[in-house]
Every structure is written in structure tokens, then in C-alpha cells.
Amino acid sequence: MEPILAANADLAWMLAAFVFVLLMFPGLAFFYGGMVGSKNVLNIMSMVISTLGITAVLYVVIGYGLVSGPSVGGWGLIGNPTDFIGLTNWLTDDASGATQTLYFAAWFILFAAITIAIVASGAAGRMKFSSWLVFAPIWLLVVYFPLAHWVFAADVDDDYKGGFLLNKLQIVDYAGGTAVHMNSGVAALALAVVLGARKRRVERPHNVPMTMLGGGILFFGWFGFNGSCALGANFLAQSVILNTLLAGSAGMIGFAIIEKWREGHVTSLGIITGVVAGLVGITPAASSMAPLGALLVGIFAAAVVAFLLSFKSRLKIDETLDAFAVHGIGGIVGTLCIVLFATEAAPAGVQGVLFGGPVDIIWRELAGIAITCTYSFVMTWLIAKGLDKLIGLRVDEETEMVGLDTVLHAETAYEIPSASVGHPGGGLASLSPAAAAESVERSMPASTPPAQV
């Protein structure tokens, strides 16, 4: 095949994968939206979707250089944004027919935005939307952009050094187990610590089918997320797409086994949680696993997440939608699977210690986990604590009880139909939308499981 045709084929796949990843935003919005109460659906969905607007502006203005620019001083800590501000120096086609800087800017916007969107888990149902719009860009600048540089920016030459975790520590992280998943999960935990628990912590998911739909869309988008990191239509893309499918599918099994053992039943919410946990686990390991290894990653990641979630009610920290367990712990488990049973036959060429691989992979990956989680937690806590002192993060008690949709957004997710006939006092029609929705929630069967994701 002519080189330019091959480049065009790679570009075609990357453009298609971009659309897959973009669909993860409505997917995550539905996924989270179904798990909160009916009074906070629009708020959490708005928090997720708003990250695209915030990140797009920030990334074009300065973010691309901070992540992908040459490391300042060659230290591997942060990129130099000078040549990338506004991306005005990258508007000329190089005639290669391949992906160029403008595409990668759009692509990395999605990675950054989905990371901060996951962090919303720690704030669901109790954070001012205005405070979220201030917190998110600061968090991207202080936490995500440096971490992304450490993990995603490769050395090019002596004058173009990348991030230290990738190039000096030489961690194995295929598609963002550190910068995306561990980072977002730990950040959600830190934000939840600062905000404190909800007044009504045991809030039932108001629409599990909605959550399952969102999880299914996330599964779809993950093929673009992992597949696009192959940077073309090649064998690596084929391998990671198969591994992504296997790990997500096996995640259902891993979660179901633990749920059945611990709770005595398997829930639909558990099944879709297992899918997402398996997908998180395979994200760092997709290029280093054989198909059987991918199945094990999915089972192990989902099983560990399910086991930890069974103790959730005993914890005082209200990390509402469990991003820490699913993304933080799931990402750690996936990374540890690389250490244990990665196979040299896979495209990454990494050998786990159980197969006779070098022992130094243990300390490298553990150091990557420790650095990522420590930096993310400490900096997120400092940002949240500082903003709480300056502008206040949490809504007042009345707003929390009435619902954030009505008070903060002046709208409700559901219009309650007129039902006054035969109901003394007007029935639901006599109530405000928020009060009617709460009345419907109270009438739901008590056997409905609490939010787990």
C-alpha cells in the first residue's frame, strides 16, 4: 500500500475512534444519572457534560503544551506551552495524510474531560454547580495536566523530553490507568472527604435501566478509548480491542461471583458495574495481555471492586458513585496484573514476574501507583479545601433536601402527570415536582438495592 494511503487508513480509524470516545460523555451522564435520586439527575448529568466545555477552552489555550510540549528543563514534570498557545502555529497541512497536531489536541481534550467528569462522583447531590465550574478548571491545571505529561509525553530527542513516569521510571500504562483512572478515582475520594457525607446517604438509584444504558454506551466508547491509543489501524488496535471486549465481559462474571457470595443475589446494577470495573482494569494492561490474561484482568478487577463495595456502608466517607472503588482500585488492580502475568508475546513485549519477567517491574509499577495516587489526593484535597474556604463548595441543607435540580437549575428531570382524580387533596398534582418525585421515591419497594457504583 502506498504510504499516504496507509496514513489515510490510520487517520480514518482515529477519526472513527474519536466519535466512540465522545459518546462516553452521554454514556457517563446516563450511568451516573440513573444512580442518584430523581431530584439530582440533571445536576449530575450537567456536571459530567460541562467538563467538555471547560476542558476544550483550557486545552486549546494552554493545556496542550502543558501535556504534550517539551518538558521544561528536561525534568519531566510539566510541558512547555509556548509553541502551543491557541494552537495557531499548527494550522498548516504537512501533506502526510496522517494524524497531526490538531487531531491530537481534540483527542486529548476528550481524555482530559472524561477524567474530571469521573471526579464528579465524589460531589453528587451536595456540591454547588457554580463551585464545580471553578473547581474543574483549577483541578485540570494543577492535577490532570502535570500527571498527563508524566504519563503520556514520550521523549522525542535530546531537545524534546517527555514525562518522567513514562521515560525515566518506565512504567507500563497503555491507555491511562494512572493519569485517567487512578487519578480520577482518588480525586473523587479527596473531594468527598472535603464535602462530607450527604444528609440522606442511603439514596436509592432512581432509574437502574438508565444506568445500564449508560454503562452500555461506555462499553461502546471504550473500544475507541483503548483502540485509538494504538494510533492507527494496525495489529495493536486489533489486539487491544479483543482484550477490551474480553475484560469488560469477564468483569460481569467477577462482580456477579462476589455479589452472589456476599449478598445472596446478582443485581443488574452489579452486572453493569462489573463491566465498567473490567474495562478500567484492562485500560493500563490492554497491550500486554494475551486473551486469557485479559479475561483474568476483568474477573480480578471486578471481583476486588465488588468485595470492597460490600463494605461501603461501614465507611464514613460518602464517595457517592464509587469512582474510587471502580476507577481508583480497578486501575490499581489492572496495573498489578501487568506486574504478575503480562506476557512478552503481547504487543507491549512486557513479561510479568509469574512468567519469569524482570523483578524491577514490581517497584516501577508500585512507584507509579504511589506517585499518582499521592499527588492526586493531596492536590485535590488542597484545591477543594481552599475553594471551600473562599467560595464554599457545599449547598445548604434545605437545597440538598429539596434537590439540586430544582434549586440550582430551575428544572426537574420528570414532569409528574396530573393525578388528582380520586385522590383527596389533589394527589401528586397538588405537590411541587420535587415533592412529588420524593413521594414516588418513598413508595418504591424497600428491596431496591442501594447505589453501588
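Reading the values: the criteria
Residues numbered from 1 in each chain as written. Predicted model: local features only at pLDDT ≥ 70, side-chain atom pairs only at ≥ 80, totals over all residues. Heavy atoms only, no water. Helix = DSSP H or I, 4+ residues; strand = E, 2+ residues; numbered from the N terminus. Rg over C-alpha atoms; globule rule 2.2 N^0.38 Å. Buried < 20%, exposed > 50% of the residue type's maximum accessible area, 1.4 Å probe, protein only. Contact = heavy atoms within 4.5 Å. Lys, Arg positive; Asp, Glu negative; His and termini not counted. Charge placed at Lys NZ, Arg CZ, Asp CG, Glu CD. Core = buried A, V, L, I, M, F, W, Y, C linked by side-chain atoms within 4.5 Å. Expected span 1.5 Å × (residues − 1). Axes fitted to C-alpha atoms, helices over the stretch in contact; angles between N-to-C directions. Parallel < 35°, antiparallel > 145°, perpendicular 65-115°, else oblique. Left-handed = near helix turned anticlockwise from the far one by under 90°. Nonpolar A, V, L, I, M, F, W, Y, C, P; charged D, E, K, R; others polar. Bend = angle between axes of the 7 residues up to and from the residue. Polar contact = N/O pair within 3.5 Å; in protein donor to acceptor, adjacent residues only side chain to side chain. pLDDT = per-residue confidence, 0-100. Patch = residues over 30% accessible without salt bridge, like charges linked within 9 Å, V, L, I, M, F, W, Y side chains within 5 Å. Areas by Shrake-Rupley, 256 points an atom, 1.4 Å probe, with all protein chains shown as cover. Salt bridge = Lys/Arg side-chain N within 4 Å of Asp/Glu carboxyl O. Phe/Tyr/Trp six-rings, centres within 6.5 Å; stacked < 30°, edge-to-face > 60°. Lys NZ or Arg CZ within 6 Å of the ring centre and 35° of its normal.

**Re the overall build of the chain**
Step number 1: From N to C terminus, the chain includes 16 helices and zero strands.
Step number 2: The C-alpha radius of gyration computed for the chain amounts to 22 Å, which stays within 12% of the reference 22 Å derived for 453 residues, consistent with globular compactness.
Step number 3: The proportion of buried residues among the 453 residues of the chain is 55%.
Step number 4: For the chain, the proportion of contacts with a sequence separation of at least 24, taken over those separated by at least 6, is 77%.
Step number 5: Distance from the positive charge centre (20 side chains) to the negative charge centre (29 side chains) of the chain: 16 Å.

**Topic: the nonpolar core**
Step number 1: Ranked by internal contacts, the top residues of the largest apolar core, which has 122 residues, are Tyr32, Trp132, Phe135, Trp139 and Leu191.
Step number 2: With 15 residues, the single largest contributor to this core is helix H4 (residues 101–119).

**Examining unusual backbone geometry**
Step number 1: The phi dihedral of Gln170 is positive, around 60°, even though this residue is not glycine.
Step number 2: Turning to its location among the elements, Gln170 is positioned in the loop between helix H6 (164–167) and helix H7 (177–195).
Step number 3: Judged by relative accessible area, which is 48%, Gln170 ranks as partly exposed.
Step number 4: For Asp322, which is not glycine, the phi dihedral falls at a positive 65°.
Step number 5: Note that Asp322 resides in the loop between helix H11 (291–309) and helix H12 (323–341).

**Looking at the environment of Val339**
Step number 1: The residue Val339 is located in helix H12 in this model.
Step number 2: Note: C-alpha distance between Val339 and Gly270 (69 residues apart in sequence) is 27 Å.
Step number 3: When sequence neighbours within four positions are dropped, the list of residues in contact with Val339 reads Gly352, Val353, Ile361, Ile362 and Glu365.

**Overview of H11**
Step number 1: Between its first and last C-alpha atoms H11 spans 27 Å; for 19 residues at 1.5 Å apiece the expected length is 27 Å, and the two agree.
Step number 2: Check the buried side of H11 and you find it contacts helix H9 (235–263), helix H10 (268–285) and H12.

**Digging into the packing of H10 against H12**
Helix packing for two helices is described by the angle between their axes and how far apart those axes are.
Step number 1: Interhelical geometry of H10 versus H12 gives an angle of 45° and a closest axis separation of 7 Å. Compared by their axis directions, H10 and H12 come out oblique. H12 is crossed by H10, and the crossing has right-handed handedness. On the side of H10, the interface is formed by Thr273, Val276, Ala277, Val280, Gly281, Pro284 and Ala285, while H12 contributes Val326, His327, Gly330, Gly331, Gly334, Thr335 and Ile338.

**Thoughts on the packing of helix H1 (residues 3–22) against H4**
Step number 1: At a minimum axis distance of 10 Å, the contact between H1 and H4 shows a crossing angle of 25°. Taken together, the axes of H1 and H4 lie roughly parallel to each other. Regarding H1 and H4, the two cross each other, and that crossing is left-handed. Between H1 and H4, the contacting residues are Met14, Leu15, Phe18, Val21 and Leu22 on the first element and Tyr103, Phe104, Ala106, Trp107 and Leu110 on the second.
Step number 2: For the contact of H1 with H4, the class distribution of residues is ten nonpolar, no polar and no charged.

**Structural notes on helix H8 (residues 208–228)**
The periodicity of an α-helix, 3.6 residues per turn, causes residues three or four places apart in sequence to face the same way.
Step number 1: Taking 1.5 Å as the rise per residue, H8 with 21 residues should run 30 Å; its terminal C-alpha atoms sit 30 Å apart, in good agreement.
Step number 2: Maximum bend of H8: about 30°, positioned at Gly221.
Step number 3: Burial runs high along H8: 15 of the 21 residues are buried.
Step number 4: Where H8 begins, the capping side chain belongs to Asn207, and its oxygen is found 3.0 Å from the backbone nitrogen of Met210.

**Overview of the confidence of the model for the chain**
The predicted structure's coordinates, where accompanied by low pLDDT, should not be read in detail.
Step number 1: On average, the chain scores 91 in pLDDT, and the residues at 70 or more come to 91%.
Step number 2: Within the chain, helix H16 (residues 433–442) has the poorest average pLDDT of any element, 60, and helix H5 (residues 129–152) the best, 98.
Step number 3: Ignoring residues within four places in sequence, the model shows residues 418–430, a span with pLDDT below 50, making eleven contacts including any to other chains.
Step number 4: Contacts from residues 446–453, a stretch scored under 50 in pLDDT, to residues over four places away or in other chains number 27 contacts.

**Thoughts on the side chain of Thr335**
Step number 1: Tracing the sequence through the fold places Thr335 in helix H12.
Step number 2: You can call Thr335 buried: its relative accessible area is 3%.
Step number 3: Beyond its immediate stretch of four places on either side in the chain, Thr335 contacts Met182, Pro284, Glu365 and Ile369.

**Considerations on a nonpolar patch on the surface**
Step number 1: On the surface, a nonpolar cluster with roughly 470 Å² of combined accessible area is contributed by Met212, Met252, Ile253, Ile257, Val266 and Ile271.
Step number 2: The greatest single-element share of the nonpolar patch, amounting to three residues, is contributed by H9.

**Quick look at the packing of aromatic side chains**
Aromatic ring pairs are reported here in terms of the distance separating the ring centres and the angle at which the planes meet.
Step number 1: Overall, the coordinates contain 25 aromatic pairs when judged by the stated rule.
Step number 2: With a centroid separation of 5.0 Å and an interplanar angle of 50°, the aromatic rings of Trp107 and Phe108 are classed as tilted. Like Phe108, Trp107 is buried.
Step number 3: Ring pairs connect the aromatic residues Phe18, Tyr103, Phe104, Trp107, Phe108, Phe111, Phe152, Trp222 and Phe225, which therefore count as one cluster.
Step number 4: Across the ring face of Trp261, the terminal group of Arg262 is positioned such that the distance to the ring centre comes to 5.7 Å.
Step number 5: In this structure, Arg262 packs its charged tip against the face of Phe311, placed 4.5 Å from the ring centre.

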